[in-house]
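Observations on the three-dimensional arrangement
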Amino acid sequence: MLKENFNDLISFLAVARERSFTKAAAKLGVSQSALSHAIRGLEERLALRLLTRTTRSVAPTEAGEKLIASLEPRFAEIEGELEALSEMRERPAGNIRLTAGEHAVDYVLWPVLKSFLARYPDIHVEITVDNALTDIVSGRFDAGIRLGEQVAKDMIAVRIAPDMSMAVVGAPAYFARCGVPGTPQDLQHHACINMRLPTMGGLYAWEFEKNGQQIKVRVEGQLTFNTLKQRIDAAVNGFGLAFIPDDSVADDISQGRLVRVLQEWCEPFPGYYLYYPSRKQHTTAFALFVDALRYRPGG
């Protein structure tokens, strides 16, 4: 009975987290029918409905929520102990789950990971690329990466990148055709490539600062993306001006594919931090990972 309950509880948590029998079955590597049978058996033994099922959604009942709150810390503790046991091996080993935005992954995380993974072949890293402000606790991530100003105060934050700046860029042909903006307000008369925000779904207002004066400009144009690479490509191809982290267009600027304007209005701001809950007990593998990412000025 203990083994049967244990397996069914794991199945229940998977469905509750994914809010989907289909996704949970794929994650567990079982059929949907087997998963449904396991949940039904658990509910019958407890004489309680744990999940509310409709044709479109699955959600925990009140009893289900109470069971989740009880089980998750216990399973997390078991997983932590198993990770700790793996450290008794000669080589560091373990799994690390991260969430980070597209730019942070491409320009900060991945360059470090390439050498880190080669050095520690028994450490496995899973990265979810998500530009939204993901809750790493409910998402069961070990850590996340955000700009310094976006990290919650109750998190441990480790600086992993220098200050960064944004850049307004456009193709030489665009400026020859449409002229060069002299102030941020002039952007309202230019074709601009917008960015769709992942959280609220609105369009990002371009933010500028010069000598303490802060300005937000809402721009318009033919194109809107929620990805970085497409905005750069659209700017290179003359579809308008883009507002981009300057390191992501450094090569395009140096090779003449893009021209930077309004640079005096793009002051530096705090760069990326790795953050994680203070109460979580971490493994040697995670400690090595944090140390590898840690920003060392002049290093």
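My aim in this report is to walk through the structure given alongside it, one point at a time. (Residues numbered from 1 in each chain as written. Predicted model: local features only at pLDDT ≥ 70, side-chain atom pairs only at ≥ 80, totals over all residues. Heavy atoms only, no water.)

1. With respect to the overall build of the protein
What the protein contains, in helices and strands, is nine helices and 14 strands. Within the span of the protein, comprising 299 residues, buried residues form 40% of the whole. Considering only contacts within the protein whose residues lie at least 6 apart along the sequence, 72% involve residues at least 24 apart. With the model as given, the accessible surface of the protein reaches about 17000 Å², and the carbon-plus-sulfur share is 51%. (Helix = DSSP H or I, 4+ residues; strand = E, 2+ residues; numbered from the N terminus. Buried < 20%, exposed > 50% of the residue type's maximum accessible area, 1.4 Å probe, protein only. Contact = heavy atoms within 4.5 Å. Areas by Shrake-Rupley, 256 points an atom, 1.4 Å probe, with all protein chains shown as cover.)

2. Brief notes about the packing of aromatic side chains
Taken as a whole and judged by the stated rule, the model has eight aromatic pairs. Arranged with centres 5.0 Å apart and planes meeting at 45°, the rings of Phe 208 and Phe 243 form a pair that is tilted. On the criterion of sequence distance, the pair formed by Phe 208 in strand S9 (residues 206–210) and Phe 243 in strand S12 (residues 242–245) is long-range, its members being 35 residues apart. Accessibility expressed as a relative area gives 3% for Phe 208, which makes it buried. Linked through ring pairs, Phe 116, Tyr 120, Tyr 276, Phe 286 and Phe 289 together constitute an aromatic cluster. The aromatic ring of Phe 141 is capped on one face by Arg 97, whose charged end is 4.4 Å from the ring centroid. (Phe/Tyr/Trp six-rings, centres within 6.5 Å; stacked < 30°, edge-to-face > 60°. Lys NZ or Arg CZ within 6 Å of the ring centre and 35° of its normal.)

3. Quick notes on unusual backbone geometry
Positive phi outside glycine occurs at Arg 19, with the angle close to 55°. Structurally, Arg 19 is set in the loop between helix H1 (2–18) and helix H2 (21–28). Looking at Arg 19, the relative accessible area reads 43%, which means it is partly exposed.

4. Examining the sheet that holds S12
One open sheet accounts for three strands, arranged S12-S7-S13; its pairing is antiparallel. This sheet does not close on itself; its edge strands, each paired only once, are S12 and strand S13 (259–261). Mean inter-strand twist for the sheet, computed between neighbouring axes without regard to direction, equals 50°. Sheet strands in contact with helix H7 (residues 228–236) are strand S7 (166–170) and S12, and its direction is about 130° off that of S12. (Pairing = 2+ DSSP bridges. Axes fitted to C-alpha atoms, helices over the stretch in contact; angles between N-to-C directions.)

5. Examining the side chain of Thr 99
Locating Thr 99 in the fold gives a position in strand S3 (residues 94–100). A residue is classified by how much of its surface remains accessible, and Thr 99, at 4% relative accessible area, is buried. When near neighbours in sequence (up to four residues on either side) are disregarded, Thr 99 contacts Thr 128, Asp 130, Thr 134, Ile 136, Phe 141, Ala 143, Gly 144 and Ile 145.

6. Regarding the pattern of salt bridges
Considering all chains together, one arrives at eleven salt bridges under this definition. Its salt-bridge partner being Glu 72, residue Arg 17 comes within 3.5 Å of it at the nearest N-O pair. A residue pair is termed long-range when its members are at least 10 positions apart, and Arg 17 in helix H1 and Glu 72 in helix H4 (residues 62–86) qualify at 55 residues. Note on Glu 72: relative accessible area 25%, which makes it partly exposed. A salt bridge links Arg 294 to Asp 291, with the nearest nitrogen and oxygen atoms 4.0 Å apart. For Asp 291, a relative accessible area of 39% corresponds to the partly exposed category. (Salt bridge = Lys/Arg side-chain N within 4 Å of Asp/Glu carboxyl O.)

7. Observations regarding the nonpolar core
With 46 residues, the main nonpolar core has Val 168, Leu 187, Trp 206, Phe 208, Tyr 272, Leu 274 and Phe 289 as its most contacted residues. Per element, the largest residue contribution to this core is six residues, and it comes from helix H5 (residues 102–119). Setting aside its immediate chain neighbours within four residues, Trp 206 contacts Val 168, Leu 187, Cys 192, Ile 193, Asn 194, Ile 215, Lys 216, Val 217, Val 219, Leu 241, Ala 242 and Phe 243. (Core = buried A, V, L, I, M, F, W, Y, C linked by side-chain atoms within 4.5 Å.)

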